[in-house]
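Residues per chain are reported as follows:
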Amino acid sequence: MNPKITVETIRSMKSRGEKIAALTAYDFPMAKLLDEAGVPLMLVGDSVGMVVLGYPDTTHVTMAEIEYHTRAASRAKPSALLGADLPFKSYETISDAVANAKRLIAAGAEFVKAEGGREILPQVKAIAAAGIPFMGHLGMLPQHVLEEGGYKIKGKQEAEHQRLLEDARALADVGAFAIVLELVTPPVAKEISQGISIPTIGIGSGLDCDGQILVTHDLIGAFPWFTPRFVKPRVNCAAEIKSAVTSWKNEMGA
Ligand code: KIV
């Protein structure tokens with residue numbers, strides 16, 4: 001068994017210039033498989049709502065659903081550091097943020113992630129003060145997809161570029177141990193990564209982040225109805241499943 005990965009391990013990977021591979025895991029077998037494949041960082045992301053639960057976006061995901069999936073993934077007892085997303089509207093107030101972060105830790109998460117910058121700083125401070133490791137999420141914020149009218153690239157305008165930089169510094173200053181940068185223009189993602197001491201974990205934000213995260217279903221072709229442009233599936237699980245089912249049916253003469 002590999003040594004347990006901690007928040008400190010993830011932070012030190014940045015200092016050593018080691019790239020951080022991160023993937024989503026929503027259940028026991030996937031957490032076990034990713035762990036066996038040596039992935040150091042796993043997330044019970046609210047993307048579970050789209051690729052497992054059939055919701056049109058992540059705004060429908062509930063605390064109960066994230067807790068359920070966190071309990072399942074954590075039963076794999078991964079060496080990887082396992083975190084969970086605070087879902088939509090679960091961290092609007094400081095007391096909700098802390099109470100819900102504690103629920104996710106009780107379900108087996110070792111850190112929590114929430115979307116936003118300086119507007120959620122009081123919540124982030126309170127979560128950190130409660131001793132719960134916190135991962136930030138900047139750039140395109142999927143929980144805001146309805147107000148934003150789509151999944152748009154961030155950092156193109158100068159004001160947005162500056163806002164992202166300042167948000168990243170603010171999150172790092174109040175104790176976030178890493179920040180996901182989603183759909184941030186690669187030059188801005190690079191500048192943020194070089195400008196803060198904690199790791200950035202990019203998704204659709206170019207290769208200069210300290211690590212990369214993907215929705216595992218996208219990487220393995222298990223959700224064939226939509227694949228983000230920046231993902232190159234490494235296997236076509238959907239086709240493999242259909243072919244296995246067809247072969248089994250044919251063999252029994254069905
Ligand atoms: O919900 C999720 O899976 C995420 C990651 C892809 C960053 O937030």
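1. Observations concerning the side chain of Glu-160
At step 1: Within the secondary structure layout, Glu-160 lies in helix 8 (residues 158–173).
At step 2: Nearest to the buried, unbridged Glu-160 among oppositely charged side chains is Lys-154, at 4.1 Å.
At step 3: In this view, Glu-160 contacts Ile-153, Lys-154 and Gly-155; residues no more than four positions away in its chain are not counted.

2. Details of the pattern of salt bridges
At step 1: As enumerated under the stated definition, the model contains nine salt bridges in all.
At step 2: When salt bridges with common partners are traced through the structure, they connect Arg-118, Glu-166 and Asp-167 into a single cluster.

3. Comments concerning the packing of helix 8 against helix 9 (residues 186–195)
Helix-helix packing is characterised by the crossing angle of the two axes and by the distance between the axes.
At step 1: Remark: helix 8 packs on helix 9, axes separated minimally by 10 Å, with the N-to-C direction vectors making an angle of 25°. Taken together, the axes of helix 8 and helix 9 lie roughly parallel to each other. The two elements helix 8 and helix 9 cross, and the hand of that crossing is right-handed. For the pair formed by helix 8 and helix 9, the contact residues are His-161, Leu-164, Leu-165 and Ala-168 on the first element and Val-188, Glu-191 and Ile-192 on the second.
At step 2: Looking at the contact of helix 8 with helix 9 residue by residue, the classes come out as five nonpolar, one polar and one charged.

4. Observations regarding the packing of aromatic side chains
Aromatic ring pairs: the centre-centre distance and the angle between the two ring planes describe each pair.
At step 1: Under the counting rule described, the total for this entry stands at two aromatic pairs.
At step 2: When the ring of Phe-111 is compared with that of Phe-177, the centres are 5.1 Å apart and the planes differ by 75°; the resulting orientation is edge-to-face. Within this pair, whereas Phe-111 is found in strand 4 (residues 111–113), its partner Phe-177 is found in the loop between helix 8 and strand 6 (178–182), the two being separated by 66 residues in sequence.
At step 3: Classification of Phe-111 as buried rests on a relative accessible area of 0%.
At step 4: Overall, Phe-177 belongs to the buried group, its relative accessible area being 2%.

5. Comments concerning the packing of helix 5 (residues 94–106) against helix 6 (residues 121–129)
At step 1: Helix 6 packs onto helix 5 with a crossing angle of 40° between their chain directions and a minimal axis gap of 9 Å. Between helix 5 and helix 6, the angle falls in the class oblique. You can see that helix 5 and helix 6 cross each other, and the crossing is right-handed. Residue-level contacts link Ile-94, Ala-97, Val-98 and Ala-101 of helix 5 to Pro-122, Gln-123, Ala-126 and Ile-127 of helix 6.
At step 2: Here the contact of helix 5 with helix 6 is composed, by residue class, of seven nonpolar, one polar and no charged.

So, how was this worked out
Within each chain, residues carry numbers counting from 1 in the order of the written sequence. With pLDDT at 70 or above as the cut-off, local features in this predicted model cover only qualifying residues; side-chain atom pairs require 80 or more to be listed or tallied, and sums for whole chains, interfaces and linings still use all residues. Neither water nor hydrogens contribute to the side-chain values; these are computed over all heavy atoms in the structure. In this description a helix means any DSSP run of H or I spanning at least four residues, a strand means any run of E spanning at least two, and both kinds are numbered starting from the N terminus. Here the term buried applies to any residue with accessible area under 20% of the maximum for its type, exposed to any over 50%, and partly exposed to those in between, with areas from a 1.4 Å probe on protein chains only. Positive charges are assigned to Lys and Arg, negative charges to Asp and Glu, while His and the chain termini are left out of the count. For salt bridges, the criterion is a side-chain nitrogen of Lys or Arg within 4 Å of an Asp or Glu carboxyl oxygen. We call two residues contacting when some pair of their heavy atoms lies within 4.5 Å. Axes here mean lines fitted to C-alpha atoms, for a helix over just the part in contact, with angles spanning 0 to 180 degrees between N-to-C directions. By the definition adopted for this analysis, an angle is roughly parallel if under 35 degrees, roughly antiparallel if over 145, roughly perpendicular if from 65 to 115, and oblique otherwise. If you view the pair so one helix is near and one far, a crossing is left-handed when the near helix is turned anticlockwise from the far one by less than a right angle, and right-handed when it is turned clockwise. For this scheme, ten residues count as nonpolar: Ala, Val, Leu, Ile, Met, Phe, Trp, Tyr, Cys and Pro. Four count as charged, namely Asp, Glu, Lys and Arg, and the remainder, Gly too, count as polar. For Phe, Tyr and Trp, rings pair up if their centres lie within 6.5 Å, where Trp contributes its six-membered ring, and each pair is then called stacked (planes under 30 degrees apart), edge-to-face (over 60) or tilted (otherwise).

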